[in-house]
Amino acid sequence: MNLIILTPPIASSEKKCYALRMNSTSKKTIPFSFSTGVIIVLTVVYIILFSFLSYWKYVNLKYTDFDLAVHAQTLWNLVHGSGFSSVLGLHFMANHFIPAFYLLKYLYPIFPSPLFLLFLQTAALASGIGLTYRLAKHYLEAPWPLVLAVGYAFYLGLGYTNL
């Protein structure tokens with residue numbers, strides 16, 4: 001029988017680790033720190049909050065620019081074999097160079113809605129929280145990596161860009 005038991009921190013060379021024991025013979029350790037927990041929670045909260053706000057804004061017709069419509073139509077056309085945009089009157093690569101759309105066209109049929117694009121945008125911007133932390137951790141001492149990551153998440157320009 002395999003029991004999963006999360007034991008208290010075990011002092012290792014420099015970091016604290018939680019031991020994840022599958023049974024008495026095998027032992028795996030998962031490095032975990034307070035900062036890592038904060039980053040994970042902050043990223044999940046950011047994704048949930050801004051996904052909801054993007055959904056609310058979309059449902060209540062609050063998107064005033066036409067970029068969302070152009071990109072949604074472009075992906076729909078790519079899925080159906082054309083890159084032409086009737087909104088712009090030309091092929092989408094003539095207006096914006098977005099080669100990632102050729103990869104997204106395989107995911108778009110799963111959830112063919114502009115909400116899919118808004119969620120992808122939110123997830124991409126939220127991934128910057130962890131990346132900021134990792135990059136700052138490489139160059140700075142504690143607590144500055146966590147401070148910079150939290151600052152990134154609460155940066156008003158990021159939220160404005162997301163919405």
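**Student:** So what exactly am I meant to see when it comes to the layout of surface pockets here?
**Tutor:** Take a probe with the size of a water molecule and roll it over the atoms, and the empty space left behind shows itself. Size it by volume and the second largest pocket reaches roughly 380 Å³. If you trace the second largest pocket, you find 17 residues lining it, with Asp67, Leu68, His71, Leu118 and Gln121 closest to the centre. Within the residue set of the lining of the second largest pocket, elements represented by two or more residues are helix 2 (67-79), helix 5 (114-139) and helix 7 (156-162). With 4 residues, the single largest contributor to the lining of the second largest pocket is helix 5. Here the lining of the second largest pocket is built from residues that sort into 8 nonpolar, 5 polar and 4 charged.

**Student:** Sorry if this is basic, but what is going on with the environment of Ser54 here?
**Tutor:** Checked against the element boundaries, Ser54 lands in helix 1 (residues 34-59). On the accessibility criterion, Ser54 (2% relative accessible area) is buried. Put simply, Ser54 and Leu118 are 64 residues apart on the chain and 6.6 Å apart in space, counted from C-alpha to C-alpha. Setting aside anything within four residues of it in sequence, one finds Ser54 in contact with Tyr63, Leu118, Thr122, Asn162 and Leu163. A distance of 2.8 Å separates a polar atom in the side chain of Ser54 from the backbone oxygen of Phe50.

**Student:** Any chance you could explain the packing of helix 1 against helix 5 here in plain terms?
**Tutor:** Remark: helix 1 packs on helix 5, axes separated minimally by 9 Å, with the N-to-C direction vectors making an angle of 155°. Here helix 5 runs roughly antiparallel to helix 1, going by the angle between their axes. The handedness of the crossing between helix 1 and helix 5 is right-handed. Contacts between helix 1 and helix 5 pair Ser35, Ile39, Leu42, Thr43, Tyr46, Ile47, Phe50, Ser51, Ser54, Tyr55 and Tyr58 from the former with Pro114, Leu115, Leu118, Phe119, Thr122, Ala123, Leu125, Ala126, Ile129, Gly130 and Tyr133 from the latter.

**Student:** Before we go on, may I ask you to explain the environment of Leu158 in this structure?
**Tutor:** Structurally, Leu158 is set in helix 7. The exposure class of Leu158 is buried, given its relative accessible area of 8%. For the pair Leu158 and Ala126, spaced 32 residues apart in sequence, the C-alpha separation works out to 9.4 Å. Contact partners of Leu158, with chain neighbours within four places excluded, come to Tyr46, Leu125, Tyr152 and Ala153.

**Student:** I'm lost on helix 5 in this one. Help?
**Tutor:** For an α-helix, 3.6 residues make a turn, and residues three or four places apart therefore share a direction. Spanning 26 residues, helix 5 covers 38 Å between terminal C-alpha atoms, matching the ideal 38 Å at 1.5 Å per step. Looking at helix 5, one finds that the buried residues are Pro114, Leu115, Phe116, Leu117, Leu118, Thr122, Leu125, Ala126, Gly128, Ile129, Tyr133 and Ala136. Check the buried side of helix 5 and you find it contacts helix 1, helix 2, helix 6 (144-153) and helix 7.

What counts as what
Residues numbered from 1 in each chain as written. Predicted model: local features only at pLDDT ≥ 70, side-chain atom pairs only at ≥ 80, totals over all residues. Heavy atoms only, no water. 1 Å grid on protein atoms, 1.4 Å probe; cavity = no way out; pocket = protein on both sides within 12 Å on 5 of 7 lines; lining within 4 Å. Points joined across faces, edges and corners; volume = space filled by probe spheres on them. Helix = DSSP H or I, 4+ residues; strand = E, 2+ residues; numbered from the N terminus. Nonpolar A, V, L, I, M, F, W, Y, C, P; charged D, E, K, R; others polar. Buried < 20%, exposed > 50% of the residue type's maximum accessible area, 1.4 Å probe, protein only. Contact = heavy atoms within 4.5 Å. Polar contact = N/O pair within 3.5 Å; in protein donor to acceptor, adjacent residues only side chain to side chain. Axes fitted to C-alpha atoms, helices over the stretch in contact; angles between N-to-C directions. Parallel < 35°, antiparallel > 145°, perpendicular 65-115°, else oblique. Left-handed = near helix turned anticlockwise from the far one by under 90°. Expected span 1.5 Å × (residues − 1).

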